[in-house]
Amino acid sequence: MEARSKVKKRLEDLRSQRWLAPDNTRSFAHRQRLQQMGLRREEFMSRPVIAIVNTWSDLSPCHAHLRERAEAVKRGILQAGGMPFELPAMSLGEVLVKPTTMLYRNFLAMEVEELLRSLPIDGAVLLGGCDKTVPGLLMGAFSANLPCIFVPAGPMLNDRYRGEKVGAGTHTRKFWDEKQAGHLSGKEWIVLESHMSRTPGTCNTMGTASTMTLIAEAMGLTLPNAASIPAMDSAHTRMASESGARIVEMVWEDLKPSSFFNEKSVLNGVAAYMAIGGSTNAAIHLIAIAGRGNVSLTLDDIQRLGKGVPVLANVLPSGSNLMEDFYYAGGLPALLRRVHDRLSLNSMTVNGRTLGDNLEGAQCEDDEVVRPLARPVSEAGALAVLRGNLAPAGAVIKPSGASGKFSKHSGRALVFDSMVDLNARINDPELDVDENTVLVLRNGGPLGGPGMPEWGNLPIPKKLLEKGVRDMVRISDARMSGTHYGTCVLHVAPESAAGGPLALIRTGDVIDLDVAAGRLDVQLSDEELEQRRSQWKPDVKKPPRGYTKLFLEHVTQANEGCDFDFLAGWHEPVEPPIY
Ligand code: FES
């Protein structure tokens, strides 16, 4: 069914015309300065002005191609009658940014919102894909509430090592464990450096990047089937150009986030999240994005909306293939067709059609990569929410990436106070640890990290690796890379640095994990916990100035999305006064 919106705007209604049209000295200066850049008056006076928010940088390998893609977006914008302007925004290359990109997700969101608010922009194309870039771009654009379309950076191409497909991130930890166990030489380890990230593009496993770009697609924020196109495929360039053409139509149609993004869009995002076996990080980002889009979302909502959706995408780390294979198998449309009864098919998307319209004709080309419902990769699910006296406000685990044998487990805690403490002791031959021990790391949360680094996949002690142990129960208030796997309980809230119960436990306490029951408890009485709490003192060192100070004063906990308290949720955008 054709569902294109009708054109609602005239030239004089365009936001950019507030800057450009008036006959006064300020607008004279605006027009004058655009002509200073060599633009003819007619190039900007009678067309929608489109921002291309580009997160390219020389130190962002996953976005190395986005400068070139911006040219394709410009082509599409110009052909559709718009005027493109490229605006650089903070580039959060996941691996190189220290202490963690999560510290800067909200920084990017603020930058995007203020870029769009402060300039004569009518609509925006958002270019990015590496982990925090996706939520950062979407959170900022939702708060600015201008028509916007997201162009996912696309995953890197597959690589192979000794006949085995190797995926970015997932195999790094896998091969490192083998090296620690003495099964891989130093020479092979060096060769592997050039075998896991073959081309520009985001991680080719179902890490946080692919999780978030696919969720964005399911929520209707990209063109259909955009998210899994490999970065280096010519289809990616065509998708970029088409997105440029489409944003111009969206401006005339006034199709802004507040006019179509709602609870149903989030429902579709959660269903996709579960069916792809997505990263635990998405639980935090989804809450923050939904909030900016005026949808209240909790961990329990995610659990409820996703309950019973099995993992169908047979992609690492839950499965065995890579994103390039997922694209050849039909990508997200093929997968969503298989869970269509869990979707809101009437939800509007950026191309002006409903999700149901966009899924028409989608079919799966490879049942091994996008599994049928009768043969899922995992029925255990991509996310389970845990609560108990150790996580009163919640914690999460990815059952599809964990060993089933630990899904109900009681073990003695071995507590590390920080990553420095862990690194100093984890490989000590005298460490009192066995495979049933529960490794605990505290001070890895939003305040403690600071910035909630991806420390949650605590390393297995070397002496256990040598004995063949490859998984243990690990608990922290940190996050875990979406490319990683293991029985890792993450995002414990409230975090230890905020005085959560994780701060109170000691080595030797017994911890009970029961994933099916959704429980995480320490075998301590309320009285004992209270007694320990009375002796606890906060130890967050606040810097005297700068962005980290702002972050520590305003970041919310993991179960609240880690947004800043003064930015979270929906606020009617305030237009700048034009004098
Ligand atoms: Fe950029 Fe994984 S490091 S997507």
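The rules we used
Residues numbered from 1 in each chain as written. Predicted model: local features only at pLDDT ≥ 70, side-chain atom pairs only at ≥ 80, totals over all residues. Heavy atoms only, no water. Helix = DSSP H or I, 4+ residues; strand = E, 2+ residues; numbered from the N terminus. Rg over C-alpha atoms; globule rule 2.2 N^0.38 Å. Buried < 20%, exposed > 50% of the residue type's maximum accessible area, 1.4 Å probe, protein only. Contact = heavy atoms within 4.5 Å. Areas by Shrake-Rupley, 256 points an atom, 1.4 Å probe, with all protein chains shown as cover. Core = buried A, V, L, I, M, F, W, Y, C linked by side-chain atoms within 4.5 Å. Polar contact = N/O pair within 3.5 Å; in protein donor to acceptor, adjacent residues only side chain to side chain. Axes fitted to C-alpha atoms, helices over the stretch in contact; angles between N-to-C directions. Parallel < 35°, antiparallel > 145°, perpendicular 65-115°, else oblique. Left-handed = near helix turned anticlockwise from the far one by under 90°. Pairing = 2+ DSSP bridges. Salt bridge = Lys/Arg side-chain N within 4 Å of Asp/Glu carboxyl O. Patch = residues over 30% accessible without salt bridge, like charges linked within 9 Å, V, L, I, M, F, W, Y side chains within 5 Å. Expected span 1.5 Å × (residues − 1). Phe/Tyr/Trp six-rings, centres within 6.5 Å; stacked < 30°, edge-to-face > 60°.

Trainee: Explain the overall build of the chain here, please?
Mentor: Counting secondary structure elements, the chain contains 21 helices and 14 strands. For the chain, the C-alpha radius of gyration of 24 Å lies close to 25 Å, the compact-globule estimate for 579 residues. Principal axes of the C-alpha set define a box for the chain whose edges measure 75 × 55 × 45 Å. For the chain, buried positions account for 61% of its 579 residues. Restricting to contacts in the chain with at least 6 residues of sequence separation, those with at least 24 account for 76%. As displayed, the chain has an accessible area near 22,300 Å², and 51% of this comes from carbon and sulfur atoms.

Trainee: Is there a simple way to explain the nonpolar core in this structure?
Mentor: Taken as a class, soluble globular proteins show a tendency for nonpolar side chains to be buried jointly. Residues Leu116, Leu335 and Leu336 are the most contacted members of the largest nonpolar core, which totals 130 residues. Looking at this core, the element that brings in the most residues is helix α12 (residues 263–276), giving nine residues. Residue contacts for Leu335: discarding those within four places in its chain leaves Ala275, Ile276, Leu312, Ala313, Phe326 and Val370. One finds Ala395, Ile475, Ala503 and Ile511 within the second-largest nonpolar core, a separate group that totals 26 residues.

Trainee: What's the story with unusual backbone geometry in this structure? I'm lost.
Mentor: Most of the time, phi is negative for any residue but glycine, and the peptide bond is trans. Cis geometry marks the peptide bond from Gly449 to Pro450; its omega dihedral reads -5 degrees. Tracing the backbone through its elements, the reader meets Pro450 in the loop between β10 (438–441) and α19 (462–465).

Trainee: Even after reading the chapter, I still don't get the side chain of Arg69, so can you show me in this structure?
Mentor: Within the secondary structure, Arg69 is located in helix α4 (residues 66–79). Using a relative accessible area of 3% as the deciding quantity, one classes Arg69 as buried. Within the local environment of Arg69, its side chain forms a polar contact with the side chain of His236, the two groups lying 2.8 Å apart. Excluding anything up to four places from it in sequence, Arg69 contacts Leu127, Ala231, Met232, His236, Thr237 and Ala240.

Trainee: How do you make sense of the side chain of Asp563 when you look at a structure like this?
Mentor: Here Asp563 lies in the segment after α21 (546–554). A distance of 2.7 Å separates polar atoms of two side chains, one belonging to Asp563 and the other to Arg292.

Trainee: Honestly, the packing of α4 against helix α10 (residues 234–253) in this entry has me stumped. Any pointers?
Mentor: To describe two helices that pack against each other, one gives the angle between their axes and the distance between the axes. Running from amino to carboxyl end, α4 crosses α10 at an angle of 40 degrees, the nearest separation of the two axes being 7 Å. What the angle tells us is that α4 and α10 run oblique. For the crossing formed where α4 meets α10, the hand is right-handed. Along the contact surface, α4 presents Arg69, Ala72, Val73, Arg75, Gly76 and Ile77, while α10 presents His236, Thr237, Ala240, Ser241, Gly244, Ala245, Ile247 and Val248.

Trainee: Even after reading the chapter, I still don't get the sheet that holds strand β3 (residues 123–128), so can you show me in this structure?
Mentor: Backbone hydrogen bonds are what pair the strands of a sheet, in a parallel or an antiparallel way. Judged by pairing direction, the sheet is parallel, and its four strands sit side by side in the order β2-β1-β3-β4 without closing on themselves. On the outer flanks of this sheet lie β2 (83–88) and β4 (148–152), each paired with one strand and no other. On average, each strand axis in the sheet is tilted by 20 degrees relative to the strand beside it, whichever way the strands run. Of the strand pairs in this sheet, strand β1 (residues 49–54) and β2 are connected by six bridges, and their pairing is parallel. Bridge pairing links Ile50 to Pro84 in β2. Against the sheet, helix α6 (residues 133–144) touches β1, β3 and β4, its axis set at about 170 degrees to β3. Contacts between α10 and the sheet are confined to β1, β3 and β4, with β4 contributing the most and set at about 175 degrees to the helix.

Trainee: Even after reading the chapter, I still don't get the pattern of salt bridges, so can you show me in this structure?
Mentor: Think of it this way: side chains of opposite charge can pair up when their charged atoms draw near. By the definition in use, this model includes 42 salt bridges. Between Arg532 and Glu528 there is a salt bridge, with the nearest N and O atoms lying 2.8 Å from each other. Highlighted residues: Arg532 and Glu528, both in helix α20 (residues 526–535), separated by four residues, approximately one helical turn. One salt bridge in this structure joins Asp539 and Lys541, with 3.3 Å as the shortest N-O distance. You'll find Asp539 and Lys541 in the same group, each marked exposed. Residues joined in a network through salt bridges with shared partners are Glu94, Asp131, Lys132, Glu454 and Arg479.

Trainee: Even after reading the chapter, I still don't get a nonpolar patch on the surface, so can you show me in this structure?
Mentor: On the surface, a cluster of nonpolar side chains totalling about 340 Å² of accessible area is made up of Leu59, Val95 and Leu96. Here Val95 shows up in the loop between β2 and α5 (102–118).

Trainee: Sorry if this is basic, but what is going on with helix α7 (residues 170–180) here?
Mentor: Quick reminder: α-helices carry 3.6 residues per turn. Residues three or four places apart thus point the same way. Thr170, His171, Arg173, Phe175, Asp177 and Gln180 are the residues of α7 that are buried. At its buried positions, α7 is contacted by β5 (159–161), β6 (164–166), α8 (186–192) and α19. One or two steps after α7, the chain reaches Gly182, where phi turns positive at roughly 85 degrees.

Trainee: Quick question: what am I supposed to make of the pairing of strand β8 (residues 391–397) here?
Mentor: A regular strand places its side chains on the two faces of the sheet in alternate fashion. In terms of burial, β8 is largely enclosed, as five of its seven residues are buried. Alignment of strand β7 (residues 384–388) against β8, held across four bridges, turns out to be antiparallel. Pairing of Val385 across the sheet is with Val396, part of β8. Here β7 folds back onto β8, and the loop between the two strands holds two residues. Sheet analysis places β8 next to strand β12 (residues 488–493), joined by two bridges and oriented antiparallel. By the bridge assignment, Gly394 is partnered in β12 with Ala493.

Trainee: Sorry, what's going on with helix α13 (residues 281–292) here?
Mentor: When the terminal C-alpha atoms of α13 are compared, their 17 Å separation across twelve residues agrees well with the 16 Å that a helix rising 1.5 Å per residue should span. Within α13, twelve of the twelve residues are buried, leaving the element largely enclosed by the surrounding structure. When we look at burial in α13, the residues that qualify are Asn281, Ala282, Ala283, Ile284, His285, Leu286, Ile287, Ala288, Ile289, Ala290, Gly291 and Arg292. Of the surrounding secondary structure, the elements contacted by the buried residues of α13 are α5, α6, α9 (208–218), α12, α14 (299–306) and β12. Positive backbone phi, approximately 70 degrees, marks Asn294, located one or two places after α13.

Trainee: Quick question: what am I supposed to make of the packing of aromatic side chains here?
Mentor: Ring pairs (aromatic) are described by centroid distance and by the angle formed between their planes. If you walk through the whole model with that rule in mind, you get eleven aromatic pairs. Centre to centre, the rings of Tyr161 and Phe175 are 6.0 Å apart; their planes meet at 80 degrees, and the pair counts as edge-to-face. Residue Tyr161 is located in strand β5, and its partner Phe175 is located in helix α7; the two are separated by 14 residues in the primary sequence. Per residue, the accessibility class of Tyr161 equals that of Phe175, and both read buried.

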